[in-house]
Each structure stands twice: as structure tokens, then as C-alpha cells.
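# Descriptive structure summary
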Amino acid sequence: MKRSVKWFWWTFMVVLMASCSSTKSLKKTHSIEGMTEMEYVEDVIEHAGGWNALTAKMSLAVDLEGKGATRVNGTLRIKKGEVIQLSIAPFLGIEVARAEISPNGVLVIDRMNKRYVQVSFAEVKALAHADLDFHTLQALFLNELFLPGKGDLTVRDVSAFRVEQEVQGVWLDVKRAKRFSYQFLTQAPEALLKESRIGLEGTPYLLSWKYDNFRTLEQKLFPAEMQLAFEGGKKPVKAAFNLSRLSTDADWETHTEVSSKYEKVELWDILKLLIK
């Protein structure tokens, strides 16, 4: 069970590293499945999301060194604009760890060792050297387009993207991103978001967040599989979410109270343990 907690901490850090990608030279196109580029981007924005809450059973696999994945079970819960919760419960539904991401910051609880980490997004940005906020992470989990520093997108945001058709799909690039690049691979004519990339210009670092196995959830499609790959570091890091029992249930506690018996530790303390 201690090994499950260690993998959970690693996965949490992979998610926080959603800040790195490679750039792409895009060429102008004019028609996508009979639509103009702006009409197509509108379709992608309108087809994604729309749920105020999401819950799912989660099977999480983490591969840190290319030696095979370690798998644990748990639950993913999201309330739009409020919180993202990842709960790890490998045996008999007993929770051993939880990560809670809100607009105010990140809380991670290690129930096995009775300790927790609580950091603001300002601290997370300084640590990761990335323009990272709650809305970006929420969009990644909810299979949505996003713009840096902005909440929900509307059709008024279509002009923020460049468009290019390629064999594998239609790429959307954020035009005026500073230091970071944001790229989205979509599938026409369904206007499905198949991959999101976030990156730091001029570096080899890349976070690729891929989506697959789309299922109907309240008359829209949601990916039951998500694959994360963090590249550019000394060792490859991969994680995969397989989701089941998808619902829009919102009847659960939004925020977690930390027991007074738990010890608050610094994020660096956790990182040192993981490095060892």
C-alpha cells in the first residue's frame, strides 16, 4: 500500500507539470469539412464540456522509467469552477491518498503517513516555471480547449487560434502565447478534442494529454481514456486514466477538511522522498 501512495505522489507531480510542449509551424487553410476555420473552431468549443459536475471510477497506471506501469484504483470527481478531486483507494475502497485542486491552490493528503501538502498556485507556478492555474488543469481533465489565464471559452474566442489540417487531424494553435506554446489536435468532422499539448518555447519539454474511447454522457461525448506523457526529462514519465461509471452526480463534499492529527510538510520534502 505504501507503494501505491508513492505512485500517487508521482502522478500528482506529472499533472502539475502541465506546462511544456514543442511548437509547430502552421499553414493557413480555408475549409474543413465544408466549414470555414472559424466555424470549425466554434464547433470544437461548443461540442466540448458543458457539464457542471463529473464523477467516475478511476483505474490509474503510472510508468516512471519505461519498466512497466503500476496500477491503482480510485475515484475522479470534478465540480466545474470549484474543485478537482483524485482519490486513491487500492483496497476495499479504503482511501490512502487524495489530491484536491481548487482555484486557491493544491492540497494533497497522505492518509497512510498522516501528512499533507498545501500550496498556492503562485508557489506551483514558481516551482514548475509554468503559467499554470486551476482553469488549465480543469480543461485538461474535462477534454476542453483553453486559453492561458482565461476561464470557460465561448465562440468569441475563435480568433485566438490558428488552424492547420494534417493527416492525423486538425491542429489548433494559440496565437499570442508568451513563452509557452499551446496546441490542440482535433478530429473532423466530429470536432472532438483528441490531444492537448502545453510547452515551454525553446526547450525539449513536452506534456502530451491524449483522449480516447469517447462515450456518451448526457448527449455529449466524454473520453473514458486519458494518456499523459511527460517528455524532455532524464526519465520518461507516463500515466493513464481509465474511467468507468461516468456520471454528472454532484452530491458529494466539495472541499476536504484536514485532520489536526496530520502533519503539514513542504512540497520539497515529498519530492526528496520521491527522488530517493
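Everything that follows concerns the structure shown earlier in this document.
I will try to describe carefully the structure that is included in this document. (Residues numbered from 1 in each chain as written. Predicted model: local features only at pLDDT ≥ 70, side-chain atom pairs only at ≥ 80, totals over all residues. Heavy atoms only, no water.)

The next point concerns the packing of aromatic side chains. Tallied over the full model, the rule gives six aromatic pairs. Considering the side-chain rings of phenylalanine 141 and tryptophan 209, the 5.1 Å spacing of their centres and the 80° angle between planes classify their relative orientation as edge-to-face. Linking phenylalanine 141 in helix 4 (residues 134-142) with tryptophan 209 in strand 11 (residues 206-217), this pair joins segments that are 68 residues apart in sequence. Judged by its relative accessible area of 0%, phenylalanine 141 falls in the buried class. We classify tryptophan 209 as buried; its relative accessible area is 0%. Here the aromatic residues Phe146, Phe161, Tyr182 and Phe184 are joined through ring pairs into a cluster of three or more. Here lysine 79 stacks its cationic end above the ring of tryptophan 252, 4.6 Å away from the centre of that ring. (Phe/Tyr/Trp six-rings, centres within 6.5 Å; stacked < 30°, edge-to-face > 60°. Helix = DSSP H or I, 4+ residues; strand = E, 2+ residues; numbered from the N terminus. Buried < 20%, exposed > 50% of the residue type's maximum accessible area, 1.4 Å probe, protein only. Lys NZ or Arg CZ within 6 Å of the ring centre and 35° of its normal.)

Take the pattern of salt bridges next. Summed over the entire model, instances satisfying the criterion amount to nine salt bridges. With a shortest N-O distance of 3.8 Å, aspartate 157 and lysine 150 are connected by a salt bridge. Between aspartate 212 and lysine 194 there is a salt bridge whose closest N-O contact spans 3.7 Å. Of this pair, aspartate 212 sits in strand 11 while lysine 194 sits in strand 10 (residues 192-200), placing them 18 residues apart in sequence. Note on lysine 194: relative accessible area 22%, which makes it partly exposed. Salt bridges linked by common partners bring Lys80, Glu144 and Asp152 together as one network. (Salt bridge = Lys/Arg side-chain N within 4 Å of Asp/Glu carboxyl O.)

Just geometry here; none of it tells us what the structure is for.
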